Amino acid sequence: MTSREHPLPTYSLATREQLFGLDLRSLALFRIGLALIIIVDLIQRFPYLKAHYTDFGLLPRGPLIEKFLNPWVWSLHLFSGNVLFQGLLFTVAFIFAIALLIGYRTRLFTILSWVLLVSLHSRNHMILNAGDVELRLLLFWGIFLPLGAHYSVDSALNSSSKPLPKSIISGATIALTLQVCFVYWFTAVLKSHPMWWEDGSAVYYALNIDQLATPLSSLMLQFPKLLIFANFATLWVELLGPFLLFLPIKNSFFRCLTIFTFVGLHIGFRLGLVLGLFPYVCIVSWLVFLPSDFWDWLSQKLKSQETKSIKIYYNSDHSTYQKILYLLCSFLCLPRELVVSAKTQPEIYTAIQTTNSLLLVENQGNQYIQFQALIHLCSFSPIFRPLTFILSLPIITNLGKKLSSQLNNINSNFYQLISRLQYRPIQVYPTNYQNILALLFIAFVFIWNLHSISPEVFPIPKIVRATNLILRLDQKWSMFAPYPSLEDGWYVIPGKLKNGTEIDLFQNAQPVTWDKPLLVSSTYPDERWRKYMMNIWLKGYAAYRLYYGQYLCRDWNSKHQGEEQLDTFEIYFMLEKTLPNYQTPEVEKVMIHRHYCFKKSEK
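A.B. asks: Before we move on, could you go through the pattern of salt bridges and cite the residues and values that matter?
C.D. replies: Tallied over the entire structure, the rule returns 16 salt bridges. Across the pair Arg 528 and Asp 41 runs a salt bridge whose closest N-O atoms are separated by 2.8 Å. Of this pair, Arg 528 sits in helix α25 (residues 527-537) while Asp 41 sits in helix α2 (residues 24-45); the two residues are 487 residues apart in sequence, bridging distant segments of the chain. With a relative accessible area of 2%, Asp 41 lands in the buried category. With a closest N to O distance of 2.5 Å, Asp 132 and Arg 528 form a salt bridge. Of the two residues, Asp 132 sits in helix α7 (residues 130-142) while Arg 528 sits in helix α25, which places them 396 residues apart along the sequence.

A.B. asks: Give me the lowdown on the packing of aromatic side chains, citing residues and values where you can.
C.D. replies: Applying the stated criterion across every chain, the model contains 41 aromatic pairs. Residues Phe 68 and Tyr 544 carry aromatic rings whose centres are separated by 3.9 Å and whose planes lie at 20 degrees to one another, so their mutual orientation is stacked. On the criterion of sequence distance, the pair formed by Phe 68 in helix α4 (residues 61-68) and Tyr 544 in the loop between α25 and α26 (545-557) is long-range, its members being 476 residues apart. Aromatic pair Phe 294 and Trp 297: ring centres 6.2 Å apart, planes at 40 degrees, arrangement tilted. Highlighted residues: Phe 294 and Trp 297, both in helix α16 (residues 292-302), separated by three residues, approximately one helical turn. Joined through ring pairs, the aromatic side chains of Tyr 48, Phe 56, Trp 529, Tyr 532, Tyr 548 and Tyr 551 make up one cluster. A cation over a ring is seen here: Lys 191 above Trp 196, with NZ or CZ 4.5 Å from the ring centre.

A.B. asks: Which residues make up the sheet that holds strand β5 (residues 359-363), and what are the values?
C.D. replies: Strands belonging to one sheet form pairs held by backbone hydrogen bonds; the direction of such a pair is parallel or antiparallel. With respect to topology, four strands assemble into an open sheet ordered β4-β3-β5-β6, the strand pairing being mixed. Of all strands in the sheet, those with a lone pairing partner are β4 (339-341) and β6 (366-369), marking the two edges. Sheet twist, expressed as the average angle between the axes of neighbouring strands with direction ignored, equals 30 degrees. In this structure, strand β3 (residues 310-314) lies alongside β5, joined through five bridges in antiparallel fashion. If you follow Tyr 313 over to β5, its bridge partner there is Leu 360. Helix α17 (residues 319-332) contacts β3, β4 and β5 of the sheet and is inclined by roughly 145 degrees relative to β3.

A.B. asks: Lay out the pairing of β3 in plain terms, naming residues and giving numbers.
C.D. replies: The element β3 is extensively covered by neighbouring structure, given that four of its five residues are classed as buried. Across three bridges, β3 lies against β4 in parallel orientation. Along β4, the bridge assignment pairs Ile 312 with Val 339.

A.B. asks: Give me the lowdown on the state of the cysteines, citing residues and values where you can.
C.D. replies: Applying the stated criterion to the full structure yields one disulfide. Bridging Cys 553 to Cys 597, the disulfide has an S-S length of 2.0 Å. In this structure the cystine formed by Cys 553 and Cys 597 twists about its S-S bond by roughly -80 degrees; its chirality is therefore left-handed. One end of the pair, Cys 553, is in helix α26; the other, Cys 597, is in the segment after β11 (587-596), with 44 residues separating them in the sequence. The burial state of Cys 553 is the same as that of Cys 597; both residues are buried. Note on Cys 282: no disulfide assigned, nearest cysteine sulfur contributed by Cys 181 at a separation of 13 Å. For Cys 378, which is in no disulfide, the shortest distance to another cysteine sulfur is to Cys 329 and amounts to 11 Å. Judged by relative accessible area, Cys 378 falls into the buried class, the value being 5%.

A.B. asks: Just give me the short version of unusual backbone geometry, but keep the residues and values in it.
C.D. replies: The peptide bond linking Ala 481 to Pro 482 adopts the cis configuration, its omega dihedral lying at 0 degrees. Its place among the elements puts Pro 482 in the loop between α24 (462-470) and β7 (487-492). Positive phi values are uncommon outside glycine, yet Tyr 151 reaches one of about 50 degrees. A positive phi is found at Phe 480, a non-glycine position, where the angle reads about 55 degrees. By relative accessible area, Phe 480 is classed as partly exposed at 24%.

A.B. asks: Could you give an account of the environment of Leu 178, naming the residues involved and the relevant values?
C.D. replies: Tracing the chain through its elements places Leu 178 in helix α9 (residues 171-190). On the basis of relative accessible area, Leu 178 is assigned to the partly exposed category, the value being 23%. Counting along the chain gives 264 residues from Leu 178 to Ile 442, while the straight-line C-alpha distance between them is 7.7 Å.

A.B. asks: Could you give an account of empty space enclosed by the protein, naming the residues involved and the relevant values?
C.D. replies: Applying the stated rule across the entire model yields one cavity of 30 Å³ or more. Counted as a void, the largest cavity has a volume near 90 Å³. If you trace the largest cavity, you find it lined by Ile 38, Leu 42, His 77, Leu 89, Phe 90, Ala 93, Ser 113, Leu 116, Leu 117 and Leu 120. Elements with a contribution of two residues or more to the lining of the largest cavity: α2, α5 (83-102) and α6 (106-123). It is α6 that provides the largest number of residues to the lining of the largest cavity, a total of four residues. Within the lining of the largest cavity, the residues separate by chemical class into eight nonpolar, two polar and no charged.

Rules used throughout
Residues numbered from 1 in each chain as written. Predicted model: local features only at pLDDT ≥ 70, side-chain atom pairs only at ≥ 80, totals over all residues. Heavy atoms only, no water. Salt bridge = Lys/Arg side-chain N within 4 Å of Asp/Glu carboxyl O. Helix = DSSP H or I, 4+ residues; strand = E, 2+ residues; numbered from the N terminus. Buried < 20%, exposed > 50% of the residue type's maximum accessible area, 1.4 Å probe, protein only. Phe/Tyr/Trp six-rings, centres within 6.5 Å; stacked < 30°, edge-to-face > 60°. Lys NZ or Arg CZ within 6 Å of the ring centre and 35° of its normal. Pairing = 2+ DSSP bridges. Axes fitted to C-alpha atoms, helices over the stretch in contact; angles between N-to-C directions. Contact = heavy atoms within 4.5 Å. Disulfide = S-S within 2.5 Å. 1 Å grid on protein atoms, 1.4 Å probe; cavity = no way out; pocket = protein on both sides within 12 Å on 5 of 7 lines; lining within 4 Å. Points joined across faces, edges and corners; volume = space filled by probe spheres on them. Nonpolar A, V, L, I, M, F, W, Y, C, P; charged D, E, K, R; others polar.

Next comes the structure, spelled out in structure tokens:
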């Protein structure tokens, strides 16, 4: 009996592209996520621009360069300590992030956004956390990837006639995959203390860090067995979870399972702890692994059969109208093939000329023009379909009609802007040297991470150290490692004005009180300030306290005159060590710095 009569059972093994490749639609989602995080981050940092990035602030350029900055680390923000210069760089970074968000000249603006992000981070390392490190790393690997192949200006104006592949495999896809895995593998290995691996009390100690605690933390602490489960679940998910990306059988299923597991993990982290942008950056890092099967399934679910009957006609007397409609289809997630020249249909061409319309949408014999055409198209968009009702409101419709008239005006600024956009071919496959560079850099990153585990066993070669610092590929994933901090507390900064009045500088000049705040984490203006204040408590950062003290003097005295100026103050950290088994600790009053705003008088 032949094997043809009795075929052997077969298994669908994943290809190399499925294991190490990335879908172009996932890369587009990755780009959008990174751009949104950069935009939100800039907005959150901006109110404290003067305090964190100028010579007036808590870390002037002089001390930073002379005492604290590594010689290999660079920053454009160091060219000036003026607030206007810093504001200009923030504005430019914001514009670059918008360009990245919409996918215009994507690779160029990925590079430019990365340059300004690295520059911003290097200007003040005291306010950074693991989320900042991962964000700049993800953006770096994005330089080597075709982030603009879908849902972008670049894809809308793609001049290549070749169809794009669903996914690609390259040195950069391998590097990005390993980089995301390194975050979890190395943090799991660095969590070497018995409280993680033996008694399972690490989550208990983490939730007791009042400077990070959310209102939900106290509720979670009421369930000791749940905390022990969360402890070991976190460890094993971090250690073994990334390996599921590489299972050769049912790879798409296990990829989706892995992604949703880690997204859930980071949502859980955020519910219990104030971690800044870190959980959101991590979630974006996992969305890039969504497999092609997921997108095919989703598009099939969201696909409307009526879309096949739609035709979008444009006034072919003006080629810019075609660009506008290509852009519209790209961002509505509609096929570009729906766009047709009106000259192919004389009746349609006459209707467009008569109504002086930018576009005309025809669907099953019905015709829609101007803003009504846009509303009709939105009803077929898988993303903007819910907006159809809002766009149909009379007040929105009236505004839409005015906007449409501006789009029809060939002398308008918008029309002129679109007319300058050029058709360009999209290159999704990297060159050989790009593949080599990406693999070389990820090898350097691997060496750096090994060094973080055991510096003696894994020394860093000079070329690796210099390269990683210049490109800011340096990293250490020691989140709550080797164990969560047992030292917690809050700040009290009693200051005396020249007139003898005593105020608490840390609590917006309120009367001094030594009582513990109801929610310690809420006493900080934002995550950046919290990170800075947690850092200066540590002995390794004691040298920074002087410059913080000088900033407090400058800030207060620039707003007050005469006897209301600040004379002296002390910085106290109300140390509250976390004890096991829910024991109530004693609070220790620790003065970490005394400061005189004016020259101390001699007796």
